[in-house]
Amino acid sequence: MAGDAVIATVGLTKRYGAIQAVDDIALQVRRGEIYGFLGRNGAGKTTTIRMLLGLIRPTAGTVRIFGHPIGGDQRWLRRVGFLVETATAYPNLTVAENLDLQRRLTGATRASLTDAIERLGLAPYADRRAGRLSLGNQQRLSLARALLHSPELLILDEPANGLDPAGIVEVRELLRTLAGDRGVTVLMSSHILAEVAHLADRIGIIDAGRLVEEAPRDVLAARARDYVRDTFTDAERQEALLTADLERYFLAQTGPERTRTTP
Amino acid sequence: MTGQVVLTEFIKLKHSAVTWVTLGAFLLAPWGVALFMWIVRDPHRAADLGLLGTKANLAGLEATWPAFGGYLVMIVGAGGLVLLAFIVAFLFGREYADGTAKNLLALPVGRTWFAVGKLVIAAGWWTVLVIAFLIESFCIGLGLALPGFSAVVVTSTVADALGCAGAAFLLAPVVALATVWSRSYLAALGIALGALAMANLFAHTGWATWFPWSVVLILSQGVGQADLPWTSYLVLVLAFAAGLVGTGLLLRFGDNP
């Protein structure tokens, strides 16, 4: 199993003084899988992701990406696309200019720039300054930047942040296609179970810096069903189902023409 | 890839307002000197126009090309320390202010190259500013028809100004280090301005030749370079090296949240 691990951490730990941000995490993300990294705000997801990308140094433990220890030569990052925490870009540069900087620094082709803009639905905004984009479009720009150089591994921290429900579905489909058709490995963090459950093959739950549970999605879903059945009333379960139905209806009404329905 | 790093830094600077703000600010300075020369040359008219206070004392000041050149060199040295601190703090600090540092530092490019790329762009822009400043200043000087114009004066002014510009730039990596360490513009600018204030204090304590900011000020005040011991130049080079190495190490081994 370790042999085909794209991401492998052993005893990954990060302390800030007395604060234990990440505590002894062992992650194994296999080639071509979508791994959901689930946890509440402040659980340690972003700190872990920053360590995976070499942005911060672990207090203890090791990280291997594609079998290589991180640090030193950064060429392995050519195979990685990422989005860390909030979407950021150079506000004075346009969408196309922001992506062009990324293209130049990753050695991607000019065609990939157009492709990324089209793929993330940013064509109408290509000449708009990034500082004038809506939050959702800033998130799309960050996702386009992550995908621009056709990486083999995507590390995405809360990729649905700021996106409307239709945008969330679009990104979900995009990631599913990348993983299914191109064999791209995806590690995505979220604090929303529904978002992860739609997409992930395996889910790891992090709490207070520790990986408290890790299982295939179906196994975790079965556990969740048992928990919900034993813990919540029928009325509460009906309420939850109604919310999900309303969301689907909203998506149908606001999505592309072909999916629109008559009330 | 290094070329691409420099090019991307150039693109970022080209689209920023700081480029034009620094150009405008630096090109205003010779007009101030010109006004001063004009007042010194014709104090009665200046007084009639209300440009001189009743306690004005212009004794010992002269409106000549050598004096004009001396002021230009002083502006390049002392003003350059402030302006370069502003430029370098902006180039590095904007990455933290805009939250783009994390995007930059997780790219398949050695992090030290980003520091080098930004300093190369700072050097390039600083060179453009100094050349534009000198060209404008000489045009203004010729327009004022100051006495004492000669090829020797022009040559020595240009040489001194370029020497001061280079000396000021040797301290740019220290500002870069302060920016990366503090992850903000303001702390770096504070440190740079504080160092400049300290430079004045050191000038009174006899340690000026050992403090790099004081060395630049001494050079800019027309004190002949021969008056400075070789250790002063060594101090400048060491400050440059320490800033560069420190910035590289911090980017490479420090936490970059």
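Residue positions within a chain follow its written sequence, with the count starting from 1. All chains are assigned letters beginning at A, and all ligands numbers beginning at 1, according to the order in which they are written. Local features in a predicted model are, by the rule used here, given only for residues with pLDDT of at least 70; side-chain atom pairs are given and counted only at 80 or more, and totals for whole chains, interfaces and linings are based on all residues. Water and hydrogen atoms play no part in the side-chain values, which are based on all heavy atoms of the structure.

1. Observations concerning the overall build of chain A
Secondary structure elements are defined from DSSP: runs of H or I of at least 4 residues count as helices, runs of E of at least 2 residues count as strands, and each element is numbered from the N terminus. Summing up its helical and strand segments, chain A has 8 helices and 11 strands in all. The globule rule is 2.2 Å times the number of residues to the power 0.38, and the radius of gyration it is compared with is taken over C-alpha atoms. Here the C-alpha radius of gyration of chain A, 19 Å, is about what a compact globule of 263 residues would show, namely 18 Å. Expressed along its principal axes, the backbone C-alpha trace of chain A runs to roughly 55 × 50 × 35 Å. A burial count over chain A gives 48% of its 263 residues as buried. Put simply, 67% of the contacts in chain A that link residues at least 6 apart link residues at least 24 apart. The classification of residues rests on relative accessible area computed with a 1.4 Å probe and restricted to protein chains. Under 20% of the type maximum is buried, over 50% is exposed, and intermediate values are partly exposed. Note on definitions: a residue-residue contact is assigned when non-hydrogen atoms from the two residues lie within 4.5 Å.

2. Some details on the overall build of chain B
The helix and strand tally for chain B stands at 11 helices and 0 strands. Listing the helices and strands of chain B from first to last along the sequence gives α-α-α-α-α-α-α-α-α-α-α. Over its C-alpha atoms chain B spans a radius of gyration of 20 Å, differing by no more than 12% from the 18 Å that the globule rule assigns to 257 residues. With the C-alpha coordinates aligned to their principal axes, the bounding extent of chain B is approximately 65 × 40 × 35 Å. Considering only contacts within chain B whose residues lie at least 6 apart along the sequence, 75% involve residues at least 24 apart. Calculation of accessible area relied on Shrake-Rupley with a 1.4 Å probe; when residues are assessed, cover is drawn exclusively from the protein chains displayed. As displayed, chain B offers around 11300 Å² of accessible surface, 73% of which is attributable to carbon and sulfur atoms. For chain B, the centre of its 11 positive side-chain charges and the centre of its 10 negative side-chain charges are spaced 13 Å apart. Charge assignment in this entry is limited to Lys and Arg as positive and Asp and Glu as negative, and neither His nor the chain termini are counted. Here the site of a charge means atom NZ of a Lys, CZ of an Arg, CG of an Asp or CD of a Glu.

3. Structural notes on the packing of aromatic side chains
Only rings of Phe, Tyr and Trp enter the pairing, Trp through its six-membered ring, and a pair is recorded when the two centres are within 6.5 Å. The plane angle decides the type: under 30 degrees is stacked, over 60 is edge-to-face, the rest tilted. Across all of its chains, the model carries 11 aromatic pairs over all chains by this definition. A centroid spacing of 6.2 Å and a plane angle of 85° characterise the contact between Tyr 227 of chain A and Phe 232 of chain A, whose relative ring orientation is edge-to-face. Taking the centre distance of 5.6 Å and the plane angle of 35° together, the rings of Phe 211 of chain B and Trp 213 of chain B count as tilted. Comparing Phe 211 of chain B with Trp 213 of chain B shows no difference in burial state: the two are buried. Ring-pair connections join several aromatic residues into one group, and the members of that group are Trp 65, Phe 68, Phe 138 and Phe 149 of chain B. For a Lys NZ or an Arg CZ to count as sitting over a ring, it must be within 6 Å of the ring centre and within 35 degrees of the ring normal. The positively charged end of Arg 145 of chain A is found above the aromatic ring belonging to Phe 82 of chain A, 5.5 Å away from the centroid. Residue placement shows Lys 118 of chain B over the ring face of Phe 92 of chain B; its charged tip is 5.9 Å from the ring centre.

4. Considering the confidence of the model for chain B
In predicted models, pLDDT denotes the confidence assigned by the predictor to each residue on a 0 to 100 scale. Overall, the predicted model of chain B reaches an average pLDDT of 89, with 93% of residues at or above 70. The ipTM value of the predicted complex is 0.85, and its pTM value is 0.87.

5. Regarding the sheet that holds strand β10 (residues 202–207) of chain A
Residues and elements named next belong to chain A. The sheet built from 6 strands is open, its strands ordered β7-β8-β9-β4-β10-β11 with mixed pairing. With one partner strand each, in any of the chains shown, β7 (80–83) and β11 (210–216) form the two edges of the open sheet. Pairwise comparison of adjacent strand axes, ignoring direction, gives a mean angle of 15° for this sheet. In this description, strands pair whenever DSSP reports at least two bridges between them. Pairing geometry for strand β8 (residues 153–157) and strand β9 (residues 185–190), over 5 bridges, is parallel. Paired with Leu 156 across the two strands is Met 188, which belongs to β9. Relative to β11, helix α7 (residues 217–231) is tilted by about 105°, and along the sheet it contacts β10 and β11. In this analysis an axis means a line fitted to C-alpha atoms, helices contributing only their contacting stretch, and an angle means the value between N-to-C directions, from 0 to 180 degrees.

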